[in-house]
Amino acid sequence: MGENEPKAIAALRGIGVSPGIVIGRAHTLNYQDVKETLYKLDNGLFVSREIKRFKRALKDSKRELLDIKKDIGDRRGIGPLLIDVYIMILEDKTFVESTIKNIGEHRVNAEWALKMTISTHREIFDKIEDGYLRERIRDLEYVGQRVLSNLSGKRHEKISDIEGEVVIVARDLSPADTVQMATRKILGFVTDMGGKTSHTAIVAKSIGIPAVVGLEKVTAEVSTGDVIIVDGTAGVVIVNPDPEVIKRYEDKKRHYLVMEDDMLKDAHLPAVTADGHSVGVGANIEFVEEIPSAVFHGANGVGLYRTEFIYINRKELPTEEEHFLNYRKVIEGEGIKWATIRTFDLGGDKFVSDAGLAEEMNPAMGLRAIRYCLQEVELFKVQLRAILRASAYGNTGILLPMISGVKEIMDARNIIDEVKGELISEGIPIDEDIKVGAMIEVPSAVIMAEQLAEKVAFFSIGTNDLIQYALAIDRVNERVTYLYEPLHPAILRMLRQVVDAGHNAGIKVAMCGEMAGDPLCTPILLGLKLDGLSMTPLAIPRVKKIIRNSTVRESAELLEAAMTFSTAHEIERHVRDYMIRRFPECCPVNWQGR
Ligand code: PEP
Ligand code: MG
């Protein structure tokens, strides 16, 4: 800080993607700023020179990535896997050949040709409705930026080379940058760009450093050496805080650490209420590599394995063997006693091949998930064979996504039975009694829950989509996010209907949407008597603590009171007041602003 003139304090609000508080010196990174300029090539000689430059930059980029991979060693998690994905992109035929083609056909420099390739891909990704998958364009952009740096001769600053304990400040970061932060000297990071579902956010969570993204102008506000506070729980960043603010945050940090330790210490205790209602708490995972973190945070099972992630970043279809190895790894994961494998929730063939995308006006309501599987039966069977083979190795369930009525369940069950028959006649061991469940995430499935319950062994409520369809709110449109209200009275009524229908038919009802991991909703979900909750691993300790310290009786009373209100706002206020009174240590500081 300046000696005579104190720097202006700035408080910025972004998206907290990894909880915790850190106070430290900033280190700004600007290597994402390589810009492409266009210049036209006059003759064939220049064309071949540009192609050579491009190929050299590809080689240099690959070498850098391999160096990073070596640096992070055999650390577990998705980091090393992502570096492999980047290398795959660098070597991807379409990526390389279309850039070379652009150089030759349009007679432009390598930088511009690369920009053209990325723009084409961006157009394709923009049409993807699933927020997570759409964000995967980031991986390609990241690889593009790295190649551009090498084309421009700029060195890409290696995070592992940074001296001292610092908070990284950057316009954007890639997961490859984030995985290098696992060294103790990187205290946390903040970025202008980024969203909740980016890989960068996931890696930050898995290595456990506080992070806030989407701050828009943090790079403009902060210089290397500035003191910065990162509150990853509240999504707040304070630049150049005065001593009073620092003291307040030091207190908050102490409080937070004691609380987290306390929650983690007990995270492995069973999730049973004080009056004996047991809740099966599982983890939602996208990658096999997340299992150690899930178990560490107190899950003993996987409540939702989003298998569509096996299909991303690749052009050819995964083989039955690849599927099988993934599923077996999940089922045999250390500390995992059960796993619910959701059959893939892909739309058309859009993530499998970048050629010939099926364009849909409204992909959220298009040919996706179970609808797609029932049309592409052979593709579906490959996955089912693999799940069934893996079921011989542990307690496995099959979960069918986007079920809208009884016919889809019957059709899917017939295919499952057919596959079972084939495997049995081939002498391959399977769990012949494997449980088949339905995701309840389409309003018609709620209305038909009674009939559906007769056909399946369990329900798992997908609130992310259910809220989207019931309240007519596009879950990826930030302009209507304010209407995305899990505690909307209509949603609570739907949940009650599903739980009652399931229980009357004698089947278990779980929830695997984001609502399941939101501590504000936990008492309401207990009041509804859900049998299982599956959530992102980090949410588990807090939710389990609330469960252990609640009774179903008091939660049911809270639910009854909530049901008397007619707006989400009133219900939220009522539940929040209850939570602040009953579980102050479990209440995130930003609830005041909800
Ligand atoms: C849901 O819709 O709530 C769900 C869990 O599935 P996804 O988020 O993968 O659509
Ligand atoms: Mg869904």
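Above this note sits the structure.
Residues numbered from 1 in each chain as written. Chains lettered and ligands numbered in written order. Predicted model: local features only at pLDDT ≥ 70, side-chain atom pairs only at ≥ 80, totals over all residues. Heavy atoms only, no water.

## Some remarks on the overall build of the protein
- Within the protein, the secondary structure is distributed over 23 helices and 16 strands.
- For the protein, the residues scored as buried account for 55% of the 594 residues in total.
- Considering only intrachain contacts with a sequence separation of at least 6, the fraction spanning at least 24 residues in the protein is 70%.
- Of the accessible surface of the protein, which amounts to about 25,600 Å², a share of 52% is contributed by carbon and sulfur atoms. (Helix = DSSP H or I, 4+ residues; strand = E, 2+ residues; numbered from the N terminus. Buried < 20%, exposed > 50% of the residue type's maximum accessible area, 1.4 Å probe, protein only. Contact = heavy atoms within 4.5 Å. Areas by Shrake-Rupley, 256 points an atom, 1.4 Å probe, with all protein chains shown as cover.)

## Here we look at the sheet that holds strand 6 (residues 211-213)
- Sheet architecture is open: eight strands sit in the order 1-8-7-3-4-5-6-2, paired in mixed fashion. A strand with exactly one partner marks an edge of an open sheet, and here the two such strands are strand 1 (10-13) and strand 2 (15-18). Ignoring strand direction, the axes of neighbouring strands in this sheet form an average angle of 30°.
- Judged from the two bridges that link them, strand 5 (residues 186-191) and strand 6 form a sheet pairing that is parallel. Each bridged residue has a counterpart across the sheet, and for F189 the counterpart in strand 6 is A211. (Pairing = 2+ DSSP bridges. Axes fitted to C-alpha atoms, helices over the stretch in contact; angles between N-to-C directions.)

## Quick look at the pairing of strand 3 (residues 21-29)
- Where strand 3 meets strand 7 (residues 227-231), five bridges bridge the pair, whose relative direction is antiparallel. Note that in strand 7 the partner of I21 across the bridge is D231.
- Sheet analysis places strand 3 next to strand 4 (residues 166-170), joined by five bridges and oriented parallel. Residue pairing across strands places L29 opposite A170, the latter belonging to strand 4.

## Focus on the nonpolar core
- If you look at the biggest cluster of nonpolar residues, it comprises 105 residues, and the most contacted ones within it are F459, L495 and L533.
- Of all hydrophobic cores here, the second largest spans 33 residues; its members include I51, V85, A113 and L148. (Core = buried A, V, L, I, M, F, W, Y, C linked by side-chain atoms within 4.5 Å.)

## A closer look at the packing of helix 3 (residues 93-106) against helix 4 (residues 110-126)
- Contact pair helix 3 / helix 4: the axes reach a minimum separation of 8 Å and the direction vectors enclose 125°. The angle between helix 3 and helix 4 places the two elements in the oblique class. Every pair of crossing elements has a handedness; the one defined by helix 3 and helix 4 is right-handed. Listed contacts from helix 4 to F95, S98, T99, N102, I103 and H106 of helix 3 are A110, A113, L114, M116 and T117.
- Across the contact of helix 3 with helix 4, the residue classes break down as six nonpolar, five polar and no charged. (Parallel < 35°, antiparallel > 145°, perpendicular 65-115°, else oblique. Left-handed = near helix turned anticlockwise from the far one by under 90°. Nonpolar A, V, L, I, M, F, W, Y, C, P; charged D, E, K, R; others polar.)

## Some details on the coordination of the magnesium ion (ligand 2)
- Surrounding the magnesium ion (ligand 2) are the protein donor atoms E441 (OE) and D465 (OD), which sit 2.1 to 2.2 Å from the metal. Highlighted residues: E441 in the loop between strand 13 (435-440) and helix 16 (443-447) and D465 in helix 18 (residues 463-470), separated in sequence by 24 residues. An identical accessibility class is assigned to E441 and D465; each is buried. (Donors = N, O, S within 2.8 Å, 3.2 Å for Na, K, Ca; no water.)

## Brief notes about the environment of E360
- Looking at the element boundaries, E360 is found in the loop between strand 11 (338-342) and helix 13 (369-375).
- The sequence separation of E360 and E129 amounts to 231 residues, and the corresponding C-alpha distance is 9.8 Å.

## Focus: the packing of aromatic side chains
- Taken as a whole, this structure holds four aromatic pairs when the rule is applied.
- Centre to centre, the rings of Y86 and Y142 are 4.7 Å apart; their planes meet at 40°, and the pair counts as tilted. Taken as a pair, Y86 in helix 2 (residues 79-91) and Y142 in helix 6 (residues 137-152) lie far apart in primary sequence, 56 residues in all. Both residues of the pair, Y86 and Y142, count as buried. (Phe/Tyr/Trp six-rings, centres within 6.5 Å; stacked < 30°, edge-to-face > 60°.)

## Thoughts on the site of ligand 1
- By nearness alone, 13 residues border ligand 1, and R306, R342, G462, N464 and R475 come closest of all.
- In the environment of ligand 1, an oxygen atom lies 2.7 Å from a nitrogen or oxygen atom belonging to the side chain of R306.
- Interatomic distance of 2.8 Å between a side-chain N/O atom of R342 and an oxygen atom of ligand 1.
- Contact with the protein chains removes 98% of the 290 Å² of surface that ligand 1 exposes when unbound.
- The set of elements that each furnish at least two residues to the shell around ligand 1 consists of strand 10 (301-306) and helix 18.
- When residues of the shell around ligand 1 are assigned to their parent elements, the largest contribution, three residues, is made by helix 18.
- Grouping the amino acids of the shell around ligand 1 by side-chain chemistry returns three nonpolar, four polar and six charged. (Near = heavy atom within 4 Å. Polar contact = N/O pair within 3.5 Å; in protein donor to acceptor, adjacent residues only side chain to side chain.)

## Structural notes on the sheet that holds strand 14 (residues 458-461)
- Sheet architecture is closed into a barrel: eight strands sit in the order 9-10-11-12-13-14-15-16, paired in parallel fashion. With direction set aside, neighbouring strand axes in the sheet form an average angle of 25°.
- The pairing of strand 12 (residues 395-400) with strand 13 spans four bridges and is classified as parallel. Each residue of the ladder has a partner; that of L400, found in strand 13, is A438.

## A few points about helix 12 (residues 320-331)
- Counted at 1.5 Å a residue, the expected span for helix 12 with its 12 residues is 16 Å, and the 16 Å between its end C-alpha atoms agrees.
- Taken residue by residue, helix 12 has E320, H323, F324, Y327, V330 and I331 as its buried positions. Take helix 12 and look down its axis: the buried residues cluster within an arc of 125°, on one side only.
- Contacts made by the buried residues of helix 12 are with strand 9 (280-285), helix 11 (291-296), strand 10, strand 11, helix 14 (377-390) and strand 12. (Expected span 1.5 Å × (residues − 1). Arc of directions from axis to C-beta.)

## Some remarks on the packing of helix 14 against helix 15 (residues 406-425)
- Where helix 14 meets helix 15, the axes come as close as 10 Å, and the angle between the chain directions of the two elements is 60°. Taken together, the axes of helix 14 and helix 15 lie oblique to each other. Classified by chirality, the crossing of helix 15 by helix 14 is right-handed. Within the contact between the two elements, helix 14 uses V377, F380, K381, L384, R385, L388 and R389 and helix 15 uses A412, I415, I416, E418, V419, K420, E422 and L423.

## Details of helix 10 (residues 243-265)
- In this model, helix 10 (23 residues) spans 33 Å end to end at C-alpha, consistent with the 33 Å of a helix rising 1.5 Å per residue.
- V245, I246, Y249, Y256, M259 and M263 are the residues of helix 10 that are buried.
- In this structure, the buried residues of helix 10 make contact with strand 3, strand 7, strand 8 (236-239) and helix 21 (540-548).

## Some remarks on the pattern of salt bridges
- Counted under the stated rule, the structure contains 29 salt bridges.
- Among the ionic pairs, R368 bridges to D345, the shortest N-O distance being 3.0 Å. In this pair, R368 is assigned in the loop between strand 11 and helix 13 and D345 in the loop between strand 11 and helix 13, connecting sequence segments 23 residues apart.
- One network of salt bridges, with partners in common, ties together E320, E321, E378, K381, R385, R389, E418, E422 and E426. (Salt bridge = Lys/Arg side-chain N within 4 Å of Asp/Glu carboxyl O.)

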